[in-house]
Amino acid sequence: MTADSDRQIRELLETRTRALGRRDAATAAADYDDDLVLYDAIGPFVRRGEDPTGRLERWIASYRTPIGHEIRDLEITAGADLAFCHFLVRISGRMRDGAEVGMWVRATSCLRLQGGAWRIVHEHASVPFDADTGQAVLRGEL
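A brief look at the structure comes next. (Residues numbered from 1 in each chain as written. Predicted model: local features only at pLDDT ≥ 70, side-chain atom pairs only at ≥ 80, totals over all residues. Heavy atoms only, no water.)

Turning next to the environment of Leu 113. By secondary structure assignment, the location of Leu 113 is in strand S5 (residues 100-114). Residue class for Leu 113 comes out partly exposed when judged on its relative accessible area of 28%. Counting along the chain gives 59 residues from Leu 113 to Gly 54, while the straight-line C-alpha distance between them is 24 Å. Those residues within four positions of Leu 113 in sequence are excluded, and the remaining contacts are Gln 8, Ala 80, Asp 81 and Trp 118. (Helix = DSSP H or I, 4+ residues; strand = E, 2+ residues; numbered from the N terminus. Buried < 20%, exposed > 50% of the residue type's maximum accessible area, 1.4 Å probe, protein only. Contact = heavy atoms within 4.5 Å.)

Now the structure itself:
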């Protein structure tokens, strides 16, 4: 992996974090590939061909406040034209219904170098679950 690839991918993720804080769906979705395959923590199981800006606009609209998006433990592996990274992300804010959100999500992004820029071609977000209760684990010590 080159230092330039690492820098570009980190900046891509940081740009998305800042955009969510500003409630800017277009900028947050700008680095998604047109053929994005998304395994989101929110159903359905697979999203293909869906406009990522529209999806993010709807998600952002469900919040009354800017969305906190804190990335932790980011690890990047990049080759000549393919890369993947995995990290934990804390999502926080207040929903329109007044509910406070503060949860950790596991994330993996797969990227392809296209025209000199990294584009996200696949993204997977998930939360662990408690095997005894079947309930999602959204809070706790990392």
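Moving on from the model shown.
When strand S1 (residues 32-39) meets strand S6 (residues 117-126), the two strands line up parallel, connected through four bridges. Bridge pairing links Leu 38 to Glu 123 in S6. In this structure, S1 lies alongside strand S2 (residues 47-48), joined through two bridges in antiparallel fashion. Across the sheet, residue Val 37 finds its bridge partner in S2, namely Arg 48. (Pairing = 2+ DSSP bridges.)

Further remarks concern the pattern of salt bridges. Oppositely charged side chains can pair when the atoms bearing their charge come close. Under the defined criterion, the tally for this structure stands at ten salt bridges. Ionic pairing is found between Asp 6 and Arg 10, a salt bridge with its closest N-O pair at 2.8 Å. Placement of both Asp 6 and Arg 10 in helix H1 (residues 3-21) is noted, with a separation of four residues, approximately one turn of the helix. With its nearest N and O atoms 2.7 Å apart, the salt bridge here joins Arg 16 to Glu 123. Here Arg 16 is found in helix H1, whereas its partner Glu 123 is found in strand S6, with 107 residues between them in sequence. Across the pair, exposure class does not vary: Arg 16 and Glu 123 are buried alike. Each member of the salt-bridge network shares a partner with another, and the members are Arg 47, Glu 50 and Arg 58. (Salt bridge = Lys/Arg side-chain N within 4 Å of Asp/Glu carboxyl O.)

Right, let's talk about helix H3 (residues 52-61) for a bit. When H3 is considered as a whole, its buried residues turn out to be Pro 52, Gly 54, Arg 55, Leu 56, Trp 59 and Ile 60. Contacts from the buried residues of H3 go to H1, helix H2 (25-29), S1, S2 and strand S4 (82-94). With a side-chain oxygen positioned 3.2 Å from the backbone nitrogen of Thr 53, the residue opening H3 is Asp 51. (Polar contact = N/O pair within 3.5 Å; in protein donor to acceptor, adjacent residues only side chain to side chain.)

A few words now on unusual backbone geometry. The backbone phi angle of Arg 23 is positive, close to 65°, even though this residue is not glycine. For Asp 73, which is not glycine, the phi dihedral falls at a positive 60°. If you trace the backbone, Asp 73 turns up in strand S3 (residues 68-78).

Glancing now at the side chain of Ser 126. With respect to the element layout, Ser 126 can be found in strand S6. Look at Ser 126 and you get buried, because its relative accessible area is 19%.

A few words on the environment of Val 37. The residue Val 37 is located in strand S1 in this model. Residues Val 37 and Gly 134, 97 residues apart in the sequence, show an inter-C-alpha distance of 26 Å. With sequence-adjacent residues up to four places away left out, Val 37 is seen in contact with Val 46, Arg 47, Arg 48, Val 121, His 122 and Glu 123.

With that settled, the discussion passes to the nonpolar core. Residues Ile 9, Trp 59, Cys 85, Ile 91 and Leu 111 are the most contacted members of the largest nonpolar core, which totals 32 residues. Of all elements in the fold, only H1, H2, S1, H3, S3, S4, S5 and S6 reach the threshold of two or more residues within this core. Each residue touching Leu 111, except ones within four places of it in the same chain, is listed here: Ile 9, Leu 12, Asp 81, Leu 82, Ala 83, Cys 85, Trp 118, Arg 119, Ile 120 and Val 121. (Core = buried A, V, L, I, M, F, W, Y, C linked by side-chain atoms within 4.5 Å.)

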